[in-house]
Amino acid sequence: MVAKRKKKYASGEGAHFMTRKAALKKLQLSLNDFRRLCILKGIYPREPRNRKRAQKGQAGIKTLYHVKDIQFLMHEPIIWRLRDYKIFNKKVGRARAVKDFESLKKYLNNHPTLKLDHIVKERYPTFLDALRDLDDCLTLCFLFSTFPSIAHVPRDQSALCRRLTIEFLHAVIEAKALRKVFVSIKGYYYQAEIKGETITWIVPHHFSFEPQSRAEVDFKLMSTFVEFYTVMLGFINFRLYHSLNLFYPPKFSVVSQNDDEKSIVDEEVFVSERVAALNFPVSKTSSGEEEEEVEIDTFSTEDTPEKIEEAKIEAEKIKNLKGLFKGLKFFINREVPREPLVFIIRCFGGEVSWDKLLFVGASFDENDESVTHQIADRPSMDKQFISRYYIQPQWVFDSVNARQLLPVNKYFMGEVLPPHLSPFIDKSRDQQYIPPEEKALYDPEALEELHKKQETDDESEEEEQEDEKLEAEDSEKVDEDEEDTEDEEEEEEGESTKKKKLKVTPGEVYKEVPWEKSKQERQEYKLREKLVKNKHRKLYKSMMAGRQQRAKEIWLLRKKRRLHEEKQKEERKKKKKVEKQTT
Amino acid sequence: MVIKENTSDIGNGTVKSIRKFSRSKKKNWRKFLSTKDVEAKAEEFLLENLTGGPVSKKADAELFVIDKGLHRGKYQESFLQASKANSAKQTRKDFRAICNSLYCERMLLPNPHVESIRGREKKKSKKFCYKKVAQRFLTGKQDESTFVGTPKDLWCEEVHNANLSSWANVNFENFVKPAQKAFATGKSKPPLAKLRRAVVPCHPGLSCNPSLADHGRALLTTASQIAFQNMNSIPLGHQFPLSLAKSFRTNVSASRRTFHKKFLMQSNSEKNLSLRKKSIFQVANKSNIQERKKTAQRNKEARQRALQRAARRKKFEKRRSHEFFRARKHVLEIEKKSELTQLAAKRRRMKKLFSELQPKRFGRLKYQPEHLDVQIGEELSGTLRAITPKSDFLRERFRSFQERNIIETRKRNRQRRKYKLKEYEKRSFKARADE
């Protein structure tokens with residue numbers, strides 16, 4: 001009996017990977033359908049360790065998939081739906097060509113649909129798993145909600161995205177889950193905390209849709225992602241609403257007094273518009289129950305009581321943050337983007353309104369005297385009320401990030417705004433350049449120092465000028481005195497040399513020279529460095545190199561800051577001179 | 001295309017020609033299609049189903065209900081009992097006559113006990129269907145409607161499982177399956193690339209109103225990248241180290257290593273060569289000169305070997321005895337080694353994670369990272385109203401999918417037009433041909 005020869009690539013990496021062509025042949029699907037299926041099921045291509053073996057000796061670079069992934073796909077019932085869809089397309093085409101409009105209508109009414117509920121459950125077996133993947137979902141849904149109807153993006157999809165995103169925003173408002181906000185040139189960055197998971201998403205600015213070239217972006221692919229994410233977001237919204245004891249789909253019971261509609265033509269449109277306004281509280285299933293105050297448990301067995309204290313402080317801060325805008329009433333001007341501000345203000349307990357003609361859902365007018373803050377982005381306004389502050393929109397974002405109501409004076413209309421700092425910086429790193437404005441936010445003393453510094457700079461300039469004059473006078477006097485002292489010293493030395501005998505003299509005070517001390521310390525440090533073993537020397541060197549680099553960067557930034565301040569000082573001087581001359 | 005023409009005699013003396021058409025190609029299906037006979041057949045079939053078919057073709061049993069008197073329900077039994085109680089003198093014959101009487105007659109007889117229709121259904125639902133409940137938990141099958149029509153809780157099992165454990169005296173372990181795995185493939189964990197953050201907060205220099213420091217930092221990084229690109233003439237998009245000095249350092253160290261390899265190692269190898277040559281020469285000479293050993297010599301060598309063995313054994317035993325006092329030292333050494341191995345393992349894991357999270361190559365094209373988008377001072381707006389659209393959001397999302405290895409980087413295939421080859425004859429050629 002001859003032993004069976006082992007075939008090449010029958011085991012190892014060659015047996016674990018499969019090219020895309022082979023996968024298409026096995027599944028009997030077209031490339032587009034295969035891509036769609038992979039996106040829906042969450043199957044991704046893989047890069048093997050040894051490409052030659054994985055590709056079974058074939059040259060070139062091919063897209064490879066795990067054999068087990070493809071086998072997993074084979075049992076997916078959606079494949080039959082995709083094939084039905086292919087047959088449906090053929091039938092429709094044939095009926096259209098033959099001009100059989102009755103059957104064409106029949107086919108179009110009974111078109112095959114894809115149901116993705118089981119796939120969502122498969123990919124995210126628990127609710128927390130779905131929350132962890134919410135970043136991508138939300139950003140894409142918000143993006144697609146701004147799209148018009150394009151070839152591969154039907155109008156229904158963008159409308160559905162819009163509806164789901166608004167529902168999610170309502171859930172965040174009711175849960176008071178928003179923590180950080182950042183306005184960038186790309187859009188608004190939001191970060192919320194839901195069930196202990198931090199979710200970060202971007203909402204793009206509301207600009208008009210720019211057409212893309214097909215070479216840059218594959219719209220069909222993106223719409224497949226959105227198709228899956230819309231289903232996922234729907235389930236998440238349902239779960240969130242139920243956990244917050246809210247009706248889903250959202251309903252509201254409050255009707256604004258400003259609505260002058262006498263007869264509601266379309267109730268659904270009416271409700272959807274008011275829901276989209278984000279201004280009305282959504283009705284709850286159980287009324288009269290308020291949130292219980294949760295106290296943090298203290299465990300005596302904990303080794304780090306500092307951490308418990310920190311957690312307590314953090315919890316208190318978050319509690320105060322949730323009611324940041326409580327009792328305040330905001331009115332948004334026409335030129336300010338309405339939706340993000342309404343969302344943020346309502347998340348922290350404030351009341352908002354806007355011009356009736358701008359959008360549906362305005363709860364109070366501009367003339368309402370109880371308005372505390374009016375958000376305007378203009379250099380000035382003709383009509384102003386004394387009982388309210390006219391501020392720029394950045395105040396709202398900066399207050400949220402600072403977790404307190406910032407002083408309003410820097411954010412008045414026409415003022416040059418302070419920089420909008422990012423709240424997403426990693427504060428765990430020690431060596432980091434923190435601009436003085438940011439320091440002032442955390443230490444109120446630093447704020448006073450900043451103000452004092454600016455005041456003293458002006459005073460010191462005047463003093464310097466006076467000192468220069470005095471110095472010139474003093475220097476002449478000093479030269480005369482020096483000549484007299486030299487003659488006296490020579491006489492004293494001659495007398496002391498005569499008497500040199502053994503005596504008990506009092507000790508001299510040893511004065512510490514700082515530079516000598518530092519020199520000694522440096523030498524001792526170098527000796528300690530030499531004691532580091534050869535094994536650990538490389539690591540030590542790389543550590544020190546990293547520290548030095550960071551310190552260098554900080555020094556550079558401080559230098560730049562200093563130069564910038566000096567420039568500003570000079571400009572202020574010039575202005576003052578000009579003012580003096582004119583007066 | 002007509003293939004055949006057959007003639008058939010109908011019977012009246014007229015000849016009917018039947019034309020047969022070829023139906024081999026798709027074109028001919030539409031051309032010579034006549035669906036009249038098919039439609040007629042379909043209509044007949046429909047009529048039959050609606051009406052139940054012609055009466056002549058049906059059997060008697062289908063048309064009529066033959067009452068053989070074998071039906072007996074409960075009300076009949078109660079009637080019978082009542083009749084029994086009333087007339088004790090009823091004989092067996094009477095009883096049989098009652099039982100075998102026609103069903104339709106019995107239906108018309110009075111009966112005080114009337115069963116309600118609902119009662120039957122209630123009886124069925126009284127039994128708690130453990131099987132159905134278990135099936136629902138096992139398969140997780142619910143209504144096929146999506147959330148748009150009728151919303152539902154996809155993760156309701158979590159709530160159920162939390163409640164079930166508190167029920168006493170009920171063992172639901174047989175019914176409730178553990179939660180399904182996220183991926184039913186061999187690898188239970190999702191690919192590491194998915195762990196990469198989907199939304200990375202942008203550089204603080206990209207704020208609508210950035211601080212000077214953040215803006216400056218962003219400018220520095222782009223400037224260093226451009227400078228490096230100009231030096232090495234590598235296209236922009238590749239990620240470079242921040243400081244130029246670092247790159248120089250690595251080049252110098254690399255050159256040092258090559259120098260060391262090329263020149264120093266060579267000199268060592270030359271020395272080894274010379275040594276080897278000598279030894280070979282010596283060995284060759286030795287083989288020629290070697291003579292037979294004497295017994296005394298052999299014994300001497302054996303004694304020496306034995307002494308050496310004894311000395312080695314002694315040394316080994318001495319070391320062993322001293323090792324008892326070295327236990328603490330050994331423990332310390334082991335601890336140190338384990339720390340180092342743990343550190344090394346951690347470094348390896350971090351390296352692996354880092355390499356996993358990098359964009360991979362799935363096809364012919366490589367992923368090209370985009371350079372940092374930084375605004376010039378003139379472009380900085382400072383207010384929301386003055387913001388202009390800068391970056392392409394959709395394109396960035398698409399690129400982030402490629403960066404996180406969710407989709408492969410590819411170039412869209414251009415549809416190239418295939419032009420038909422036209423043949424024509426030149427006039428000059430035609431003229432010559434005529435001549």
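These numbers were taken from a predicted model, which means no experiment stands behind them. (Residues numbered from 1 in each chain as written. Chains lettered and ligands numbered in written order. Predicted model: local features only at pLDDT ≥ 70, side-chain atom pairs only at ≥ 80, totals over all residues. Heavy atoms only, no water.)

A. How the structure looks around the overall build of chain A. Regarding its fold elements, chain A presents 20 helices and 9 strands. Buried residues in chain A amount to 38% of all 583 residues. When contacts within chain A are restricted to residue pairs at least 6 apart in sequence, long-range pairs at least 24 apart make up 62% of them. Carbon and sulfur atoms make up 50% of the accessible area of chain A, which totals about 38,400 Å². (Helix = DSSP H or I, 4+ residues; strand = E, 2+ residues; numbered from the N terminus. Buried < 20%, exposed > 50% of the residue type's maximum accessible area, 1.4 Å probe, protein only. Contact = heavy atoms within 4.5 Å. Areas by Shrake-Rupley, 256 points an atom, 1.4 Å probe, with all protein chains shown as cover.)

B. Looking closely at the overall build of chain B. Within chain B one finds 15 helices and 2 strands. Of all 435 residues assigned to chain B, the portion counted as buried reaches 17%. For chain B, the proportion of contacts with a sequence separation of at least 24, taken over those separated by at least 6, is 50%. Working note: accessible area of chain B is about 37,800 Å², and carbon and sulfur atoms make up 55% of it.

C. Region of the structure containing a negative patch on the surface. Side chains of B:Asp37, B:Glu39, B:Glu43, B:Glu44 and B:Glu48 sit close together on the surface and give a patch of like negative charge. Mapped onto the elements of the fold, B:Glu48 is located in helix α2 (residues 36-51). (Patch = residues over 30% accessible without salt bridge, like charges linked within 9 Å, V, L, I, M, F, W, Y side chains within 5 Å. Salt bridge = Lys/Arg side-chain N within 4 Å of Asp/Glu carboxyl O. Lys, Arg positive; Asp, Glu negative; His and termini not counted. Charge placed at Lys NZ, Arg CZ, Asp CG, Glu CD.)

D. Region of the structure containing unusual backbone geometry. Residue and element names in this part refer to chain A. With omega at 0°, the peptide bond leading from tyrosine 248 into proline 249 counts as cis. Relative to the helices and strands, proline 249 is located in the loop between α12 (219-243) and α13 (267-277). The phi dihedral of lysine 56 falls on the positive side, at around 60°, and the residue is not glycine. Positionally, lysine 56 belongs in the loop between α4 (51-54) and β2 (64-66). Exposure remark for lysine 56: the relative accessible area of 41% places this residue in the partly exposed category. Despite not being glycine, arginine 403 has its phi angle at roughly 65°, a positive value.

E. The pairing of strand β4 (residues 187-194) of chain A, seen in detail. Residue and element names in this part refer to chain A. Across the 8 residues of β4, 7 count as buried, placing the element largely inside the fold. Taken together, the 5 bridges between strand β3 (residues 178-183) and β4 define a ladder with antiparallel strand orientation. The partner of phenylalanine 182 across the bridge, within β4, is tyrosine 189. Once β4 ends, the chain turns through 2 residues before running back antiparallel as strand β5 (residues 197-204), passing lysine 195 with a positive phi of about 55°. (Pairing = 2+ DSSP bridges.)

F. Highlighting a nonpolar patch on the surface. Nonpolar side chains collect at one region of the surface, where A:Trp555, A:Leu556 and B:Leu220 lie side by side and expose about 320 Å² of accessible area between them. Inspection of the secondary structure assignment puts B:Leu220 in helix α10 (residues 212-232).

G. Looking closely at the packing of aromatic side chains. Residues and elements named next belong to chain A. Enumeration over the complete set of coordinates arrives at 25 aromatic pairs over all chains. The interplanar angle of 10° and the centroid separation of 6.5 Å between the aromatic rings of phenylalanine 142 and tryptophan 201 together place this pair among those described as stacked. Of the two residues, phenylalanine 142 is situated in helix α10 (residues 134-145) and tryptophan 201 in strand β5; the sequence distance between them amounts to 59 residues. Measuring from centroid to centroid gives 5.3 Å for tyrosine 190 and phenylalanine 343, while their planes differ by 85°, and the two rings are edge-to-face. One end of the pair, tyrosine 190, is in strand β4; the other, phenylalanine 343, is in helix α15 (residues 338-347), and 153 residues separate them in sequence. Grouping residues by exposure puts tyrosine 190 and phenylalanine 343 together as buried. (Phe/Tyr/Trp six-rings, centres within 6.5 Å; stacked < 30°, edge-to-face > 60°.)

H. Quick look at the sheet that holds β4(A). All names here are of chain A. Spatially, 3 strands are ordered β3-β4-β5 in an open sheet, and the strand pairing comes out antiparallel. Both outer strands of the open sheet, β3 and β5, are each paired with one neighbouring strand and no more. Mean inter-strand twist for the sheet, computed between neighbouring axes without regard to direction, equals 15°. Summarising the sheet, β4 and β5 pair through 8 bridges and their orientation is antiparallel. Looking at the pairing, tyrosine 190 lines up with tryptophan 201 of β5. Along the sheet, helix α16 (residues 394-402) contacts β3 and β4; its crossing angle with β3, the most-contacted strand, is approximately 135°. (Axes fitted to C-alpha atoms, helices over the stretch in contact; angles between N-to-C directions.)

I. Molecular detail of the interface of chain B and chain A. Taken together, the contact between chain B and chain A spans 77 residues of the former and 95 residues of the latter. Interface area for chain B against chain A, summed over the two sides, is near 7,900 Å², with a carbon-plus-sulfur share of 65%. Here chain B and chain A share 7 salt bridges between them. Residue B:Arg404 is joined to A:Asp136 by a salt bridge in which the shortest nitrogen-to-oxygen separation is 2.8 Å. Summed over the shared surface of chain B and chain A, the number is 14 residue pairs in polar contact (both at pLDDT 80 or more). Elements represented by at least two residues in the side of chain B that touches chain A include exactly α9 (156-164), α10, α13 (327-357) and α14 (393-403) of chain B. (Buried area = accessible area lost by both parts, 1.4 Å probe. Polar contact = N/O pair within 3.5 Å; in protein donor to acceptor, adjacent residues only side chain to side chain.)

J. Representation of a positive patch on the surface. Residues and elements named next belong to chain A. Together, Lys519, Arg522, Lys526 and Lys530 make up a positively charged patch on the protein surface. When you line up the elements, arginine 522 lands in helix α19 (residues 514-530). A residue is classified by how much of its surface remains accessible, and arginine 522, at 53% relative accessible area, is exposed.

K. Region of interest: the nonpolar core. Core analysis: the largest hydrophobic core is formed by 128 residues, its most contacted members being A:Leu134, A:Phe144, A:Trp201, A:Phe343 and A:Ile344. A total of 15 residues in this core trace back to one element, the largest contributor, which is α12(A). (Core = buried A, V, L, I, M, F, W, Y, C linked by side-chain atoms within 4.5 Å.)

L. Fine view of the confidence of the model for chain B. All names here are of chain B. Of the residues in chain B, 49% have a pLDDT of 70 or more, and the chain-wide mean is 66. Put simply, helix α7 (residues 117-126) is where chain B has its lowest mean pLDDT, 43, and helix α12 (residues 295-323) is where it has its highest, 90. Overall, residues 136-150 carries pLDDT values under 50, and its contacts beyond four positions in sequence, including any with other chains, amount to 28 contacts. Overall, residues 162-190 carries pLDDT values under 50, and its contacts beyond four positions in sequence, including any with other chains, amount to 28 contacts. Reported confidence for the predicted complex is 0.73 by ipTM and 0.61 by pTM. (pLDDT = per-residue confidence, 0-100.)

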